[in-house]
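Secondary and tertiary structure notes
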Amino acid sequence: RSDWTWEQIRAEFPVLRQSIDGHPLSYLDNAASSQMPQEVIDRLTWYQSAEHSNVHRGVHTLSQKATDAYEKAREKVARFINAPDSAQCIFTRGATEGVNLVMHGWGRKFVEEGDEIIVTALEHHANIVPWQMLCEEKGATLKVIPMTDAGELVVDELPTLLSDKTKMVCVSHVSNALGTVNPVEDIIEQAHAHGVPVLVDGCQAVPHMKVDVQALDADFYVFSGHKMCGPTGIGILYGKRELLEAMNPFMGGGDMIRTVTFEKTEYAPIPHKFEAGTPSILAVVGLGAAIDYLESIGMDRIARREAELLEYATQRIEELDFIRILGTAPNKASVISFEVLGVHPHDVGTILDTEGVAIRAGHHCAQPVMDRLGVPATARASLAFYNNKDDVDALIGALQTVKDIFG
Ligand code: PMP
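Structure report, in brief. The structure presented is a predicted model; accordingly, all values stated were derived computationally and were not measured.

What the protein contains, in helices and strands, is 14 helices and 17 strands. Radius of gyration (C-alpha) of the protein: 22 Å, near the 22 Å computed for a compact globule of 407 residues. Along the first, second and third principal axes, the C-alpha atoms of the protein reach 75 × 55 × 35 Å. Looking at the protein as a whole, 57% of its 407 residues are labelled buried. Carbon and sulfur atoms form 50% of the exposed surface of the protein, whose accessible area is close to 16700 Å².

Structure follows, in structure tokens:
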């Protein structure tokens with residue numbers, strides 16, 4: 001699809017063909033969940049129709065087909081993020097489970113009383129709460145890289161936060177609340193200079209840009225399938241081999257063992273050590289198809305398209321004097337958070353919906369970001385490559401309606 005028009009590509013998303021209250025759907029809630037193209041939907045149907053069975057267990061043909069589809073998807077993931085080995089890509093239920101897996105498997109084993117974990121002011125709750133739980137359990141301390149009013153991390157503060165007690169730095173690649181692209185390379189370099197590993201939450205980066213975990217030198221990298229044209233119920237935890245091998249398993253059960261006796265269990269090697277029980281095989285296969293789909297367009301092309309749409313949307317919103325954009329960093333990806341002055345974001349979202357414009361209103365699971373900016377919530381429009389200028393124009397038109405209603 002590298003030479004397809006964007007309208008041809010958009011036409012592959014059946015969900016976008018519907019109307020809401022007589023208005024064509026303008027789906028601008030992609031940071032919450034993106035949509036699936038027909039090719040991914042067809043792959044899910046084919047798996048269910050022709051290949052479904054349990055994995056890694058049966059000697060029969062169908063089980064081998066399912067296992068093959070499952071493990072091929074792992075190879076696609078590894079290639080997509082440039083992991084050195086697909087065994088370093090663990091299937092999880094989503095990014096949240098990925099962070100929790102590291103917290104339980106690594107954190108509970110290696111973090112001790114008096115240690116420190118560093119997070120950033122821009123994190124999603126998924127990359128705060130598990131670390132808080134760990135700190136509470138271990139008597140460790142959570143430290144925070146602050147942010148500016150524009151929503152940029154003050155990375156200059158990192159040297160004063162890093163100490164010989166620091167056990168992990170946890171940072172989002174792109175903020176879901178404001179869209180800021182964080183300087184993860186710089187943060188990783190500084191942390192590594194202190195011998196500290198870094199977990200990157202890549203939920204909002206992987207769908208929008210080429211991500212190379214080796215070039216970043218990330219120690220852990222997590223993301224979710226449903227934000228990258230795949231199904232829900234599937235995510236990835238990438239980790240460096242030596243870290244994954246040193247970790248304890250998160251859950252015990254079938255599939256994650258080599259041998260079991262009542263005296264002792266020997267665990268399976270990675271990745272299976274972290275995949276206890278029957279996995280979400282269908283969703284894994286769907287994620288593999290989503291990766292094929294994104295690669296058929298090209299991640300660089302997707303990034304350029306979304307940058308153009310973001311620029312257009314930002315410019316159009318800036319023309320509206322009753323709106324304030326929150327998060328004005330120069331380097332942003334696919335997200336515009338804003339407030340309509342004097343109107344609660346939930347009212348904004350509800351009125352926009354009556355004109356077919358789907359956005360998110362709330363704290364975006366990033367309450368500390370809202371507190372820092374002094375707002376209870378924001379309205380958030382988030383773009384994908386299949387959006388177009390008509391979607392942005394529909395947003396602008398609906399925002400005018402909000403103004404007309406509220407005066
Ligand atoms: N981190 C970020 C930056 C996110 O945007 C999200 C999803 N909103 C998550 C983590 C959590 O992802 P999931 O709910 O798929 O586990």
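Right, picking up where we left off after that structure.
Around the ligand, the structure places Gly-94, Ala-95, Thr-96, His-124, Ala-126, Asn-176, Asp-201, Cys-203, Gln-204, Ser-224, His-226 and Lys-227. Thr-96 is positioned with one of its side-chain polar atoms (N or O) 2.6 Å from an oxygen atom of the ligand. One of the side-chain nitrogen or oxygen atoms of His-124 is found 3.2 Å away from a nitrogen atom of the ligand. Taking 400 Å² as the accessible area of the ligand by itself, protein coverage stands at 84%.

Turning our attention to the side chain of Ser-175. Secondary-structure assignment places Ser-175 in the loop between strand E7 (166–172) and helix H7 (184–193). The exposure class of Ser-175 is buried, given its relative accessible area of 0%. Those residues in contact with Ser-175 that lie beyond four places of it in its chain are Leu-122, Thr-180, Asn-182, Gln-204 and Val-335.

This next bit is on helix H11 (residues 299–318). Helix length check: H11, at 20 residues, gives a terminal C-alpha distance of 28 Å against a target of 28 Å (1.5 Å per residue), a fit within 8%. Of all the positions in H11, only Met-299, Arg-301, Ile-302, Arg-305, Glu-306, Leu-309, Leu-310, Tyr-312, Ala-313, Thr-314 and Ile-317 are classed as buried.

Ranked by internal contacts, the top residues of the largest apolar core, which has 81 residues, are Tyr-221, Val-369 and Phe-385. No other element matches helix H10 (residues 281–297), which puts 11 residues into this core. Those residues in contact with Tyr-221 that lie beyond four places of it in its chain are His-173, Val-200, Gly-202, Ala-205, Val-206, Val-211, Val-213, Leu-216, Ile-236, Leu-237 and Tyr-238.

Along the chain, the position of Gly-179 falls in the loop between E7 and H7. Sequence separation between Gly-179 and Ala-329 is 150 residues; the distance between their C-alpha atoms is 8.4 Å. Each residue touching Gly-179, except ones within four places of it in the same chain, is listed here: Val-174, Asn-331, Lys-332, Ala-333 and Val-335.

For Asp-391, the position within the fold is in helix H14 (residues 389–406). With 196 residues separating them along the chain, Asp-391 and Gly-195 place their C-alpha atoms 46 Å apart. What Asp-391 contacts, discounting residues up to four positions off in sequence, is Arg-10, Leu-25, Ser-26, Leu-28 and Tyr-386.

This brings us to the packing of aromatic side chains. The tally for this structure, following the rule as stated, stands at 8 aromatic pairs. Between the aromatic rings of Phe-13 and Tyr-293, the centroid separation amounts to 5.8 Å while the plane-to-plane angle is 80°, which identifies the pairing as edge-to-face. One end of the pair, Phe-13, is in the loop between helix H1 (6–10) and strand E1 (19–20); the other, Tyr-293, is in helix H10, and 280 residues separate them in sequence. Both residues of the pair, Phe-13 and Tyr-293, belong to the buried class. Ring geometry for Trp-106 versus Phe-110: centroids 5.7 Å apart, planes at 50°, classification tilted. Taken together, the positions of Trp-106 and Phe-110, both in helix H4 (residues 95–110) and 4 residues apart, correspond to about one turn of that helix. What makes Trp-106 buried here is its relative accessible area of 6%. The exposure class assigned to Phe-110 is partly exposed, which follows from its relative accessible area of 29%. In this structure, Lys-210 packs its charged tip against the face of Phe-80, placed 5.6 Å from the ring centre. The positively charged end of Lys-389 is found above the aromatic ring belonging to Tyr-312, 4.7 Å away from the centroid.

Rules behind the numbers
- Residues numbered from 1 in each chain as written.
- Predicted model: local features only at pLDDT ≥ 70, side-chain atom pairs only at ≥ 80, totals over all residues.
- Heavy atoms only, no water.
- Helix = DSSP H or I, 4+ residues; strand = E, 2+ residues; numbered from the N terminus.
- Rg over C-alpha atoms; globule rule 2.2 N^0.38 Å.
- Buried < 20%, exposed > 50% of the residue type's maximum accessible area, 1.4 Å probe, protein only.
- Areas by Shrake-Rupley, 256 points an atom, 1.4 Å probe, with all protein chains shown as cover.
- Near = heavy atom within 4 Å.
- Polar contact = N/O pair within 3.5 Å; in protein donor to acceptor, adjacent residues only side chain to side chain.
- Contact = heavy atoms within 4.5 Å.
- Expected span 1.5 Å × (residues − 1).
- Core = buried A, V, L, I, M, F, W, Y, C linked by side-chain atoms within 4.5 Å.
- Phe/Tyr/Trp six-rings, centres within 6.5 Å; stacked < 30°, edge-to-face > 60°.
- Lys NZ or Arg CZ within 6 Å of the ring centre and 35° of its normal.

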